[in-house]
Amino acid sequence: MESYLNGNFGAVKAKQSSDEVLQKWRQLCEVVKNPKRRFRFTANLSKRNEAAAMRHTNQTLRVAVLVSKAAFQFVQGVQPSDYTVPEEVKAAGFQICADELGSIVEGHDVKKLKFHGGLDGIAEKLSTSVSNGLNTDTESLNRRVDTFGINKFAESATRGFLVFVWEALQDMTLMILGVCAFVSLIVGIAMEGWPKGAHDGLGIVASILLVVFVTATSDYRQSLQFKDLDKEKKKISIQVTRNGYRQKMSIYDLLPGDIVHLSIGDQVPADGLFVSGFSVLIDESSLTGESEPVMVSTENPFLLSGTKVQDGSCKMMVTTVGMRTQWGKLMATLSEGGDDETPLQVKLNGVATIIGKIGLFFAIVTFAVLVQSLVGRKLREGSYLSWSGDDALELLEYFAVAVTIVVVAVPEGLPLAVTLSLAFAMKKMMTDKALVRHLAACETMGSAKSICSDKTGTLTTNHMTVVKSCICLNVKEVSKENKDLFSDLTDFALKTLLQSIFNNTGGEVVINKDGKREILGTPTDTAILEFALSLGGEFQAERQAAKLVKVEPFNSTKKRMGVVLELPEGGLRAHTKGASEIILANCDKVINSNGEIVPLDEASINRLNLVINEFANEALRTLCLAYQELESGFSPENSIPASGYTCIGIVGIKDPVRPGVKESVAVCRAAGITVRMVTGDNINTAKAIARECGILTDDGIAIEGPDFREKKQEELLELIPKIQVMARSSPLDKHTLVKQLRTTFNEVVAVTGDGTNDAPALHEADIGLAMGIAGTEVAKESADVIILDDNFTTIPTVAKWGRSVYINIQKFVQFQLTVNVVALIVNFSSACLTGSAPLTAVQLLWVNMIMDTLGALALATEPPNDDLMKRSPVGRTGNFISNVMWRNILGQSLYQFVVIWFLQAKGKALFGLDGPDSDLILNTLIFNSFVFCQVFNEVSSREMEEINVFKGILDNYVFVAVLGCTVFFQIIIIEFLGTFANTSPLTYSQWFLSVFVGFLGMPIAAGLKMIPV
């Protein structure tokens, strides 16, 4: 079976499966009772193709619009000045309408922009300020919403409960049974009158309705869980200036006129115009499919919603929002495309198909045998020419039994149990600070053998402070208490230091709503700005004193940031900061302790390198600050020089290891998961932190990215298994390491990342884990799971949930296949040997509900336990239906089959049954024993290898509730619903035997677990 599944259903991967592969497995699913339900949680390929076509035409459409507009204006002589403001827009207090704004930005219409007075003119017409943003007066905001709309795209309406009821009724076998019930009602009432003749038909109808409503309730609850998770996925915040204050806001609250601050890795949240910024490169591939980035500046000021900031930073003014943007229309279509189906879902569709075909065969043969026995009896009696209503009812009952065998045999619930388990796990993982973006990641994480983790913010707290410095060659410890620490610095050295820190930064010091000083920016920028403020520096005064000519933002490949300033006294100066050894290697001078600029001789270089290593060995992150005077001929188009700098100093930044990381690394190691640290930091800093976390062991290797890049493939084969730390790594190094682990070593790899440059590695990995706090939108979009608290300790929790999902599905499959096998063989063999089926249509429908919907609820929602992290991961090549499962399925099936056959053969003699009701009582006894076998088998299925199956059973209230309900309704069916369910009340001794037979399956299951496989 496993080879068949891998051959036909194994091509679907956890990520990046082609549409052809997704289409292929759907075509292989030939025996499907209810396509609407079976394929509900699969990708809508037609909608995806529609979105791809829309994206493909966006670029050409824009060109076509521009050309046709120009031609129209030329022919008709229509000028932009013909635009008139609609009266309702004027009444709302604005001088431009939403359609006009949309045509300017989406059409890249420079002429129209100039006609409306450029950026300042548009701002005035939108009643906003490019420096202070919108006024947050409630009335004006409401008018703005009414005029321009909200920044949300249209979503498909939430489906109500009745829709799920209707979909559950689409089951072909239930429809056929419904027809059988209707015919049974007509014939029964015609022969025996009301109400006696209606019992059989009403029994089937009631069973169908029960199955439909339980199924619909389960599916409806699942859909609500996914709806909640979708809301969480869409929570994106952005920095906005309103009322003159910088603040974080949801992108869905943005309105035309808002001033938005964008930086590397951000997604442009709405259409807008460039206000100010440096080196802004925009990736428009998500909107147009065009991979070449677009430079945005005052000459080309158009920013489109849904595009990504690839480089630089800027301010933009929002002009168009929501469904008026191309991105809004695209997202509305994409949202209907759905998530890719997971490999487990597809595999279990394969299992359902195989068993469905077998069931269909058995059903046809069973029906043929039963009909043959009826015809044979009629022939023997010589009454084959006279057919009564009773004969018709008997024939109908046989047909209903055959159809119900198909109902039981086709395990429609298998693929849906995966979705149920994943929905349950995803909901619980949210409370454990992990947001799953792609369903498949949940199950794949359980197979992870390798985790490549960032250091900063993941293993460490990301709360950085400068604790040591070496300014002007003097090493000092920095503390809040020691305020006069740098009183010996010369005015020139202090001024240059503050100028470097306050200008060469991606951060900002602002006054918040409460009138208090607040530092915005990355933790590194925040730490250095705090250090400069403690030296008595004034951020705003320093920024206003010099004019920024060029900015090269920090880049993880170059590992430095640079700016060029036009000084107040004239002349240009470049400042740079970044990885200490890299910046120091680009310096040829240094400011000494007297504040003089002196050549950087060998002794000074050695001294500074010693300081860098000393700081790094204390697990401090080191940054070097340097500057150089530039020639007056420097142009902003030129790159900032890479060498010829004067070293100002080195700062050591403390970023403490997060509590619990060492224990989490130990948990991963015990679970067979190798943790590797991949960081851009100095190798000594990385090694010190890695030892503190328990990542770097005595037999492990720490390597630098440049050395790793130089290695040949043969060397990598020997080296990679030993690598535990990679320092000074570039995004390409991380990508290479992940690719090697996945392809050469065939490992399932999880990778953490937060920056834009991490996107390729996150995309390449089996499971991409993005940071929720420090992560950019680009990183989050490439990831499968978002770690909401940026904490490494959350990652083993994700792995534990992943293992739990995988094992829960295995438990359910083991349970369901046992029921399938026994129900099929019992009814088939009984039909062949006795000419009748012991389990009727109504009884089989009840059994189907126990094993399908209720079984999935009980077993697929089992919470994880710590023992899961003491096993080795399944890896990429493990069989889903393992030998352990086959042992349990076949052993338990054999026991149940033997017991039921014993009751069928010896039941009457055992209980002294005779008279007209003896067959009914015996069949009731068999039905009751069969159900209790499933109840106790469900308990045994909680553990596939452990003998103690009661451990933690009360922690899973769903399991206890399902078990309790099953037993309660079984008693009701036997004792009170006999006329509808073809049962007869049982005596205490018969009840005891039924329960005892079921219970005996538990020690049998325990004995089976002791057989090695």
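Up top is the structure these notes are about.
Quick caveat, the model's predicted, so the values are computed rather than measured.

Colleague: What should I look at first to understand the environment of Asp271 in this one?
Modeller: In this structure, Asp271 sits in strand β4 (residues 271-283). On the basis of relative accessibility, which here comes to 2%, the residue Asp271 falls in the buried class. Taking C-alpha positions, Asp271 is 8.9 Å from Trp327, a pair spaced 56 residues apart along the chain. Once residues within four sequence positions are removed from consideration, Asp271 is found in contact with Val105, Leu303, Leu304, Ser305, Met316, Met317, Val318, Thr319, Thr320 and Thr325.

Colleague: How should I be thinking about the sheet that holds strand β24 (residues 749-753) in this particular structure?
Modeller: Strand pairing within a sheet occurs via backbone hydrogen bonds; the two strands may be parallel or antiparallel. Within the open sheet, the 8 strands sit side by side as β8-β26-β25-β24-β9-β21-β23-β22. Their pairing is mixed. Since the sheet does not close on itself, it has two edges, and those belong to β8 (434-436) and β22 (701-704), each with one partner. On average, each strand axis in the sheet is tilted by 20 degrees relative to the strand beside it, whichever way the strands run. Bridge count between strand β25 (residues 767-771) and strand β26 (residues 785-787): 3 bridges; the pairing is parallel. Following the sheet pairing, Met771 is matched in β26 by Ile787. Against the sheet, helix α31 (residues 794-834) touches β8, β9 (450-453), β24, β25 and β26, its axis set at about 145 degrees to β26.

Colleague: Would you take a moment to explain the packing of aromatic side chains for this structure?
Modeller: Between two aromatic rings, the relevant description is the distance of the centres plus the angle of the planes. Scanning all chains against the criterion turns up 14 aromatic pairs. With a centroid separation of 6.2 Å and an interplanar angle of 35 degrees, the aromatic rings of Phe161 and Phe213 are classed as tilted. Of this pair, Phe161 sits in helix α10 (residues 161-168) while Phe213 sits in helix α12 (residues 199-233), placing them 52 residues apart in sequence. Of the residues examined, Phe161 reaches a relative accessible area of 26% and is grouped as partly exposed. The partly exposed category is assigned to Phe213, whose relative accessible area is 39%. Judged by centre distance (6.4 Å) and plane angle (65 degrees), the ring pair of Trp846 and Phe969 falls under edge-to-face. Remark: Phe969 occurs in helix α35 (residues 957-976) and Trp846 occurs in helix α32 (residues 841-859); sequence separation between them is 123 residues. Here Phe969 falls in the partly exposed class, since its relative accessible area comes to 42%. Pairwise contacts between aromatic rings join Phe161, Phe164, Phe213 and Tyr220 into one cluster. The ring centre of Phe115 lies 5.7 Å from the NZ or CZ of Lys125, which sits over that ring. Sitting over the ring of Phe959, Arg942 keeps its end group 5.6 Å from the ring centre.

Colleague: Please explain a nonpolar patch on the surface as it appears in this structure.
Modeller: Among the surface-exposed residues, Phe992, Phe996, Phe999, Leu1000 and Ile1004 lie close enough to one another that they form a single nonpolar patch of about 460 Å² accessible area. Within the secondary structure layout, Phe999 lies in helix α37 (residues 988-1009). Taking the relative accessible area as the measure of exposure, Phe999 reaches 40% and is therefore partly exposed.

Colleague: I would appreciate a short explanation of helix α28 (residues 731-743) in the present structure.
Modeller: Note on helix geometry: an α-helix contains 3.6 residues per turn, so any two residues three or four positions apart are oriented the same way. A rise of 1.5 Å per residue sets the reference length of α28, with its 13 residues, at 18 Å; its end C-alpha atoms lie 18 Å apart and thus fit the reference within 8%. Considered for burial, the residues of α28 that qualify are Pro731, Asp733, Lys734, His735, Leu737, Val738, Gln740 and Leu741.

Colleague: I keep staring at the nonpolar core and nothing clicks. Help me out?
Modeller: Nonpolar side chains in soluble globular proteins tend to be buried together. Counting 145 residues, the largest nonpolar core has Leu177, Met445, Ile767, Val785, Phe792 and Val813 as the members making the most contacts within it. No other element matches the 17 residues that α31 contributes to this core. Not counting residues up to four positions away in its chain, the partners in contact with Met445 are Ile451, Ala750, Ile767, Ile795, Val798, Ala799 and Gly802. One finds Ile471, Phe486, Leu497 and Leu498 within the second-largest nonpolar core, a separate group that totals 28 residues.

So, how was this worked out
Residues numbered from 1 in each chain as written. Predicted model: local features only at pLDDT ≥ 70, side-chain atom pairs only at ≥ 80, totals over all residues. Heavy atoms only, no water. Helix = DSSP H or I, 4+ residues; strand = E, 2+ residues; numbered from the N terminus. Buried < 20%, exposed > 50% of the residue type's maximum accessible area, 1.4 Å probe, protein only. Contact = heavy atoms within 4.5 Å. Pairing = 2+ DSSP bridges. Axes fitted to C-alpha atoms, helices over the stretch in contact; angles between N-to-C directions. Phe/Tyr/Trp six-rings, centres within 6.5 Å; stacked < 30°, edge-to-face > 60°. Lys NZ or Arg CZ within 6 Å of the ring centre and 35° of its normal. Patch = residues over 30% accessible without salt bridge, like charges linked within 9 Å, V, L, I, M, F, W, Y side chains within 5 Å. Areas by Shrake-Rupley, 256 points an atom, 1.4 Å probe, with all protein chains shown as cover. Salt bridge = Lys/Arg side-chain N within 4 Å of Asp/Glu carboxyl O. Expected span 1.5 Å × (residues − 1). Core = buried A, V, L, I, M, F, W, Y, C linked by side-chain atoms within 4.5 Å.

Distances and angles like these do not, on their own, reveal function.
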